[in-house]
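Understanding the architecture of this molecule
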Amino acid sequence: GRTYYDGSAMIVVNGRIVAQAPQFDVHDVNLITATVDLEDVRSYRASNPAFGIQAARKATEEGGGGSNALMCDDIHLVFDPRNAESHNKNRPKITEESLALKIFTPEEECCLGPACWLWDYLRRSGAGGFFLPLSGGADSASVAGIVAVMCILVTKASREDPEGDVAKDCRRVCRQDQGNSFWVPSSPQEMANFVLHTTFMGTENSSDVTNSRARRLGDAIGSYHLSIKIDLMVKSVLQVFQITTGHMPRFASRGGTMNEDLALQNIQARLRMVMAYLMAQLLPWVRGRSGFLLVLGSANVDEGLRGYMTKYDCSSADLNPIGAISKGDLKRMLIFLSKEYPGFEMLGEIANAPPTAELRPIDAATATAEAGHSQTDEEDMGMSYEELGYFGRLRKIARCGPVSMFRKLLVTWSHLAPTEVAAKVKRFFFYYSVNRHKMTTITPAYHAEGYSPDDNRFDLRQFLYNTRWTRQFAVIDDIVAQHPETDKDKDKND
């Protein structure tokens, strides 16, 4: 359930591609054919000395022509010159035209692969669709865009063959298989209205900008969209806490501690997960339909690596199409979708907006028009998403610990002082280790990135570390102290 078969089966004749199957498709089976002249293959192999030597050795080993030699006697074509009855049949035309190899870009793969994976999961699960908490940010918008592409692919396949397996699955999933045996969606938007349910779950800390983006994106895709406020839920939980303990937490901007601030942010995030599963269970009933919905998560691989997510918030779901895709690839995918599919132009706007969690009160003095909020992800994390990509590849793919990662980045980030590189590496490893436990409950995700931190099947390293990394950080400090540029920095400061 976590992988999807990468297609692109090919027929290649003498180095020429004469047929290529789709790399990603909603059909169970793709069949490609080509008519090949085996004499051309025999001639081509004979002209290559290496092939000739191999064939001669094989023939000698088998005492003659050998069973592995290229034989044409047992090949029967539609037209057989030795059979008089087949003379009136159409003679097969040899496939001579060469095709250019079709290779998708990373942003296309990030879109098409998960789209087909979601359809395969949906049709097998018996669910009636998906529920997605749509925040108006890049991550949830990416998931919505992937589901929209799924609807485009399924609608196209269903309309091309209304009696085919894809169309039958589509009718069953959309609950249109009773009384109308040839129903197919008239457009991807019609199908999306059946299978995709989105909700903007705002609080008093949410901005009108992200609410507007979520609503406009839902309209463009065709999803069944709602916009709600969950402040009543948040206040009720806090009142229970106050009655129990006699204390009421406050945000840091209002005189509270960081522990209070984080607790207030986390309760908003966790209540969204509770609301998401309530909606997933009851929205089909509200719409007069049967079945249940699968909840989709929208936490990217970089946030999982850093642990920049609340345990059991909206990152906890039934499926996560982007759980192993980096933030950079997601942004490029959004821009690709905005250009490739008419009506999705606003995805480009979302891709260029600064990521924000919108869990703290808005500070009007520092809020930007693009983000609509004063709280940004990269400022909260203390590192950029681009830096997280470096950390992830070095930690998982290159198997680097703190010291070896610092040595490599000291060269890669030569524009930074050694003290800055050391501070970034230490900060990453602290948060990586202190949040590693979150990966033990991570939502099943489509596997697309080599540094996925998924603890269940992919990244099987320990989840309990010494968060101080005492020996490793001490070695890094020694290297920094001995580095010649450290002395130059001291002279500049003096």
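The sections below set out a description of the structure shown in this document. (Residues numbered from 1 in each chain as written. Predicted model: local features only at pLDDT ≥ 70, side-chain atom pairs only at ≥ 80, totals over all residues. Heavy atoms only, no water.)

Turning our eyes to something else, we now look at a nonpolar patch on the surface. On the surface, a nonpolar cluster with roughly 380 Å² of combined accessible area is contributed by Met10, Val12, Leu101 and Ile103. When you line up the elements, Met10 lands in strand E1 (residues 10-13). (Patch = residues over 30% accessible without salt bridge, like charges linked within 9 Å, V, L, I, M, F, W, Y side chains within 5 Å. Areas by Shrake-Rupley, 256 points an atom, 1.4 Å probe, with all protein chains shown as cover. Salt bridge = Lys/Arg side-chain N within 4 Å of Asp/Glu carboxyl O. Helix = DSSP H or I, 4+ residues; strand = E, 2+ residues; numbered from the N terminus.)

Using the criterion set out here, one finds 15 aromatic pairs in the structure. Aromatic side chains Tyr341 and Phe344 sit 6.0 Å apart centroid to centroid with 50° between the ring planes, which places their arrangement in the tilted category. As far as burial versus exposure is concerned, Tyr341 and Phe344 are alike and both buried. With centroids separated by 5.1 Å and ring planes inclined at 75°, the aromatic side chains of Phe428 and Phe429 adopt a geometry described as edge-to-face. Using a relative accessible area of 0% as the deciding quantity, one classes Phe428 as buried. Note that Arg306 overlies the ring of Tyr431, its terminal NZ or CZ placed 3.7 Å from the centroid. A cation over an aromatic ring shows up here: Arg393 above the ring of Tyr390, its NZ or CZ 5.7 Å from the ring centre. (Phe/Tyr/Trp six-rings, centres within 6.5 Å; stacked < 30°, edge-to-face > 60°. Buried < 20%, exposed > 50% of the residue type's maximum accessible area, 1.4 Å probe, protein only. Lys NZ or Arg CZ within 6 Å of the ring centre and 35° of its normal.)

In terms of nonpolar packing, the biggest core is built from 59 residues, with Leu118, Trp119, Phe130, Met150, Met191 and Leu217 touching the most fellow members. Judged by nonpolar contacts, the second largest core, of 30 residues, contains Leu394, Val421, Phe428 and Tyr465. (Core = buried A, V, L, I, M, F, W, Y, C linked by side-chain atoms within 4.5 Å.)

A few words on the pattern of salt bridges. Following the criterion strictly, the structure yields 15 salt bridges and no others. Taking the shortest distance from any N to any O, the salt bridge between Glu39 and Arg42 comes out at 3.5 Å. You can see Glu39 and its partner Arg42 sitting in helix H1 (residues 38-46), three residues apart, about one turn around the helix. Judged by its relative accessible area of 36%, Arg42 is partly exposed. One salt bridge connects Asp139 with Lys327, and the closest N-O pair in it is separated by 3.2 Å. Here the residue Asp139 occupies a position in helix H4 (residues 138-160), and Lys327 occupies one in helix H11 (residues 327-340), the gap between them amounting to 188 residues. A residue is classified by how much of its surface remains accessible, and Asp139, at 9% relative accessible area, is buried. By relative accessible area, Lys327 is classed as buried at 3%. A single network of salt bridges, built from pairs that share partners, joins Asp28, Asp120, Arg123, Arg124, Asp169 and Arg172.

Here we come to helix H7 (residues 208-221). Along its 14 residues, H7 runs 20 Å from first to last C-alpha, staying within 8% of the 20 Å computed at 1.5 Å per residue. Residues of H7 that are buried: Thr210, Arg213, Ala214, Leu217, Gly218, Ala220 and Ile221. Buried residues of H7, seen end-on, are gathered within an arc of 160° and therefore sit on one face of the element. Exposed residues lying more than 90 degrees from the buried face of H7 are Asp208 and Asp219. Those residues of H7 hidden inside the fold are in contact with H4, helix H6 (188-195), strand E4 (196-202), strand E5 (224-229) and helix H12 (346-351). Positive backbone phi, at 100°, marks Gly222, one or two positions downstream of H7. (Expected span 1.5 Å × (residues − 1). Arc of directions from axis to C-beta. Contact = heavy atoms within 4.5 Å.)

For Ser8, which is not glycine, the phi torsion reads 65° and is therefore positive. Examined against the element boundaries, Ser8 turns out to sit in the segment before E1. Residue Ser8 is classed as buried on the basis of its relative accessible area of 16%. Phi angles above zero are rare outside glycine, and Tyr312 is one such case at about 65°. One can find Tyr312 in the loop between helix H10 (301-306) and H11.

Glancing now at the packing of helix H15 (residues 402-412) against helix H16 (residues 418-434). The axes of two packed helices give the description: the angle between them and the distance between them. In the contact formed by H15 and H16, the axes pass within 10 Å of each other and the chain directions differ by 140°. In terms of their interaxial angle, H15 and H16 are classed as oblique. As H15 packs across H16, the resulting crossing turns out to be right-handed. From H15, Pro402, Met405, Phe406, Leu409 and Leu410 reach across to H16, where they touch Pro418, Val421, Ala422, Val425, Phe428 and Phe429. Here the residues of the contact of H15 with H16 sort into 11 nonpolar, no polar and no charged. (Axes fitted to C-alpha atoms, helices over the stretch in contact; angles between N-to-C directions. Parallel < 35°, antiparallel > 145°, perpendicular 65-115°, else oblique. Left-handed = near helix turned anticlockwise from the far one by under 90°. Nonpolar A, V, L, I, M, F, W, Y, C, P; charged D, E, K, R; others polar.)

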